[in-house]
Each structure stands twice: as C-alpha cells, then as structure tokens.
Amino acid sequence: MMKTTTCSNAIRATTRLGLAPRLQPLLLQRSYATQYGLGTTASTTSSKRKKVTPFNDNGSVPWSQLSGGEKAARATQQTFNFGLILAGIAGGVAYVLWTDVFSPDSKTAVFNRVVDKIKADQKCIEMLGDSKKIVCHGEETYNKWRRARPIASTINTDSRGHEHMLMHFHVEGPLNRGVVYLHMIKTPISGEFEYKYLYVDVRGHQRHYLENADTATGSGKKGVRFLGINWG
C-alpha cells in the first residue's frame, strides 16, 4: 500500500511540475501537418487558385477574395454578357417588326395594299360608297378601336414549297358592308407573293373579283391561263 501511494503522488507531482503539457506542441504540430500537408502553408494553398480572367470566370470565387485586376475582369465579363442579352432582345424585336410590319411580304403590308386597291376600285365604290369613308378592319370585337381588331390570316407551305397566304377581313362604307377574301401564293421561282384571288362579298351584290389568277382578272393579269401555265 505504501508503494502504490508513493507512485500516485509521484505522477501528480510530475503533472504539477508541468511535464505533461510539454506533449501539446507535438500534437499541434501533427494537426498542422495534417491540415496543410508537409512543407505547405495556408498562403501557398490560396496562391494556387487560378487567376480570374474575363474568359474563365465562372463566379465560384467570392468577390471579397478577388484582387483589383480580377474584380475588373469580372466586371468586364458581366458587362459583355449584359450587352449580348440586350443585342439579342433588340435583334428579336427588329426581326418581328421587319417580318410583321416593314417587309413587303408582311401581313400588314399586304393588308394595306389590298385596302388601297379596294378604295381605288370603281365597283367597290359603287357598292360601298365614298372611297374616303371606306374602312377595313379585322374580326368583330368589343373594342371600339377598329385598328385594334385582329386580322385573320395564315401562311402555310405546301409539299411543293409554295407559300400560301390566306386572309379575310371586314369592309364598311356609307352604303353597305362586306367581307374581303384574299389568297396569295409565293413560289421558289417567283420569290414574292402573287394574287391567286382577291374578292369582296357585299350584301345584296354578286361576288366581285378584284384579282383572279384562274381567269386572269385584275391589274396583275398575265394572259390566258391553261394547264397551270400563263400564256400571253
């Protein structure tokens, strides 16, 4: 019993003398070596990060960790991307405006030409009244503004590659009202829409053709048509 007590007292005395804490630096050194690896430091690890440029920046590096030059590179890249988005939007708007409004083959351009043709046709004036008071508009709606009424039209391509534009809309004048029907065809050879037919149905009157390719009626007539060929 005396020997056991003596050993315990010796261990406690050694601990009080500070011999056990001397093992702590060794443990810290091992932990440090495990975390950063032999012969490396935290600064060398961060320095191995690939430099951010406008061409390789994917946003993975936080803004606070970027250098001044890298921040400028990221700002340049974001400005360029934003410019591309704006250019794409502007291009889409320009394409829609061209195909639907400004192009000679657009539905709006065709509609305006047909309206002018109706107002200049003597037979239409007799049926509808004063050409200055003739109004054309789309489908009937509750909208009081005639320009806001949609024009019913479609463009289809057949098996031969011919584009067919079909359109109909309403026409009104001081004397009467009616419906206008239009069919135009664009072939790969012609490259532009040509009248298949254009006629007006007015109440109390026979159907009036302004253009009819089958009978070569209208300003765009090309002679007698036989076996699908225009002669003369």
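All of these numbers come straight from a predicted model, not from anything done at the bench. (Residues numbered from 1 in each chain as written. Predicted model: local features only at pLDDT ≥ 70, side-chain atom pairs only at ≥ 80, totals over all residues. Heavy atoms only, no water.)

J.: Residue-level account of the nonpolar core, with values.
T.: Ranked by internal contacts, the top residues of the largest apolar core, which has 22 residues, are Val114, Ile118, Phe169, Val171, Val180 and Val200. When contributions to this core are tallied by element, the ones reaching two or more residues are helix H5 (107-120), helix H6 (122-128), strand E3 (163-172), strand E4 (177-186) and strand E5 (194-202). In terms of residues, this core owes the most to one element, H5, which gives five residues. Not counting residues within four places of it along the chain, the set of residues in contact with Val180 comprises Val114, Ile118, Met167, His168, Phe169, Val171, Leu198, Tyr199 and Val200. (Core = buried A, V, L, I, M, F, W, Y, C linked by side-chain atoms within 4.5 Å. Buried < 20%, exposed > 50% of the residue type's maximum accessible area, 1.4 Å probe, protein only. Helix = DSSP H or I, 4+ residues; strand = E, 2+ residues; numbered from the N terminus. Contact = heavy atoms within 4.5 Å.)

J.: Could you give me a rundown of the packing of aromatic side chains, with the residues and numbers involved?
T.: As enumerated under the stated definition, the model contains four aromatic pairs in all. Residues Tyr197 and Tyr199 carry aromatic rings whose centres are separated by 5.4 Å and whose planes lie at 35 degrees to one another, so their mutual orientation is tilted. For Tyr199, a relative accessible area of 9% translates into the label buried. Aromatic rings pair up to connect Tyr181, Tyr197, Tyr199 and Tyr209 into one cluster. (Phe/Tyr/Trp six-rings, centres within 6.5 Å; stacked < 30°, edge-to-face > 60°.)

J.: Tell me what's going on with a nonpolar patch on the surface, and back it up with residues and numbers.
T.: Side chains of Phe82, Ile85, Leu86 and Ile89 sit close together on the surface and give an oily, nonpolar patch of about 420 Å² of accessible area. One can find Phe82 in helix H4 (residues 68-102). (Patch = residues over 30% accessible without salt bridge, like charges linked within 9 Å, V, L, I, M, F, W, Y side chains within 5 Å. Areas by Shrake-Rupley, 256 points an atom, 1.4 Å probe, with all protein chains shown as cover. Salt bridge = Lys/Arg side-chain N within 4 Å of Asp/Glu carboxyl O.)

J.: Account for the pairing of E5, naming residues and giving values.
T.: Summarising the sheet, E4 and E5 pair through eight bridges and their orientation is antiparallel. Paired with Tyr181 across the strands is Tyr199, a residue of E5. Strand direction decides the pairing type here: E5 and strand E6 (residues 208-212), joined by four bridges, are antiparallel. Bridge pairing in E6 places Tyr197 opposite Asn212. Adjacent in sequence and paired antiparallel, E5 and E6 are bridged by five residues, among which Gly204 carries a positive phi angle near 80 degrees. (Pairing = 2+ DSSP bridges.)

J.: An account of the side chain of Glu172 is needed here, citing residue identities and associated values.
T.: Looking at the element boundaries, Glu172 is found in strand E3. For Glu172, a relative accessible area of 15% gives the class buried. Only 3.0 Å separates the side chain of Glu172 from the side chain of His137, close enough to count as a polar contact. (Polar contact = N/O pair within 3.5 Å; in protein donor to acceptor, adjacent residues only side chain to side chain.)

J.: Outline the side chain of Glu70, supporting the account with residue identities and numerical values.
T.: Mapped onto the elements of the fold, Glu70 is located in helix H4. Judged by relative accessible area, Glu70 falls into the buried class, the value being 5%. Contacts of Glu70, omitting those with residues within four sequence positions, involve Arg49, Lys50, Lys51, Val52 and Gln65.

J.: So what's going on with H5? Residues and values would help.
T.: Every α-helix winds through 3.6 residues per turn, so residues three or four apart in the chain are directed the same way. Given a rise of 1.5 Å per residue, 14 residues ought to cover 20 Å, and the 20 Å separating the end C-alpha atoms of H5 matches this to within 8%. All buried positions along H5 are accounted for by Ala109, Val110, Phe111, Val114, Val115 and Ile118. (Expected span 1.5 Å × (residues − 1).)

J.: Before we move on, could you go through the environment of Ile185 and cite the residues and values that matter?
T.: Mapped onto the elements of the fold, Ile185 is located in strand E4. Residues Ile185 and His162, spaced 23 residues apart in sequence, show a C-alpha to C-alpha distance of 6.6 Å. Leaving out residues up to four positions away in the same chain, Ile185 has contacts with His162, Glu163, His164, Glu192, Phe193, Glu194 and Lys196.

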